[in-house]
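Summary of structural features
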Amino acid sequence: MRIGLMVGSDKERSRADRLTGLLDDGKAAESDGFASFWIPQVPGYLDAMTAVALLGQVTARIEIGTAVVPIQTRHPLIMAQQALTTQVACAGRFTLGLGPSHHWIITDQLGLPYAKPALLVRDYIDVLTAAFAGPGPIAVDNDTYRVHSPVDVTDAFEMRVLVAALGPAMLRLAGECAGGTILWMADERAIGKYVVPRVTAAANAAGRTGIRVVAGVPVALCTDSEVDDARSYASEVLGHADFSPNYVRLLEHGDAQDVGDTMAAGDESTVLERLRRYRDAGVTDLAVRVVPLGQDAGQRNVSRRRTQQFVASLLSEFASGT
């Protein structure tokens, strides 16, 4: 299992420092030896793919990916152009994570329709696949898109695509049409008994290999007395189960009731054991979302660094599969 870091919006940083701070985070993740660095498209915050392109210029080894970009906000051909350009900026280290997002973002915030998301994703990937095949004209006609246009960005790099998948139809698409899935709010049972079998079966039926299951998991190194507070804090800050039916349906396949229940929290042995359970469930890539604890910014910075350094100390164990 490869281990990377997942970051989100950092509201403790001033607006002037957020982009430079994110670049520093990416450089630190590479320096610490992490395999990957994942950035979500947070409503109203930094644009994820622009940030990835800049990260590609200040790092040399680490994989950098979006987790994830909503598809409704970009035409698939425009998404392909931006993704290919970002791939050039990253010298082939970019992974495009995308998905249909949620109704409370697409409809309530942006005023766009949110209907038949799985069909939209399939038609969207049709266009991306054609655009990523190489320079030249593409022609795609499906239920959603009529695209007849040239693509002439690069022929030097392969584009890796992962799909945020919570339901059966989306999991099938992640295996059939993409390189796998990116998960959030999925515990070990949901991954091992629900996600992995469906993605794997779809990939096998389509003759696809090397399928990835990237799981975003909150982690906090703390004392036993702090665990309950850490889980409550994670659910409050990072959880959306109460107003996202997609997450509710995923949670039904596991034991967790909100994101705090998916968290690896506690002392070193407790965190290690939880991460091992994710590996054993079939996770190929763990995207650690460090949850800093403390009463002020200084304490939280210390907590963040302590947790990140501990997880970094585990990289060789999980890379070796022991």
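Residues numbered from 1 in each chain as written. Predicted model: local features only at pLDDT ≥ 70, side-chain atom pairs only at ≥ 80, totals over all residues. Heavy atoms only, no water.

Quick word on the domain arrangement of the protein
Keep this limit in mind: The start and end points of each domain follow an automatic or database-based domain assignment. Accessible area that two parts lose when put together, evaluated with a 1.4 Å probe and summed over both, is termed the buried area. Here a salt bridge means any side-chain nitrogen of Lys or Arg lying within 4 Å of a carboxyl oxygen belonging to Asp or Glu. Here a polar contact is recorded for every N or O atom pair within 3.5 Å, except that within protein the pair must consist of a potential hydrogen donor and a potential acceptor, and residues adjacent in sequence are included only if both atoms are side-chain atoms. The helix and strand labels rest on DSSP assignments: H or I over at least four residues marks a helix, E over at least two residues marks a strand, and numbering proceeds from the N terminus. Under this grouping Gly is polar, as are all residues other than the nonpolar Ala, Val, Leu, Ile, Met, Phe, Trp, Tyr, Cys and Pro and the charged Asp, Glu, Lys and Arg.
Splitting the protein by domain gives domain 1 (1–163) and domain 2 (165–316). The straight-line distance from the C-alpha centre of domain 1 to that of domain 2 is 20 Å. Across the domain 1/domain 2 interface, buried area totals approximately 3,100 Å², and carbon plus sulfur atoms make up 61% of it. By the criterion of area lost to domain 2, the three top residues of domain 1 are Met1, Met6 and Val163, representing 23% of everything that side buries. On the surface where domain 1 and domain 2 come into contact, there are five salt bridges. With a shortest N-O distance of 2.9 Å, glutamate 63 and arginine 212 are connected by a salt bridge. Here domain 1 and domain 2 share 18 residue pairs in polar contact (both at pLDDT 80 or more) between them. Breaking the side of domain 1 that touches domain 2 down by element, the ones donating at least two residues are strand E1 (2–6), helix H1 (18–31), strand E3 (63–66), strand E5 (94–99), helix H4 (103–106), helix H5 (117–132) and strand E8 (160–164). Across the side of domain 1 that touches domain 2, the residue classes break down as 20 nonpolar, 10 polar and seven charged.

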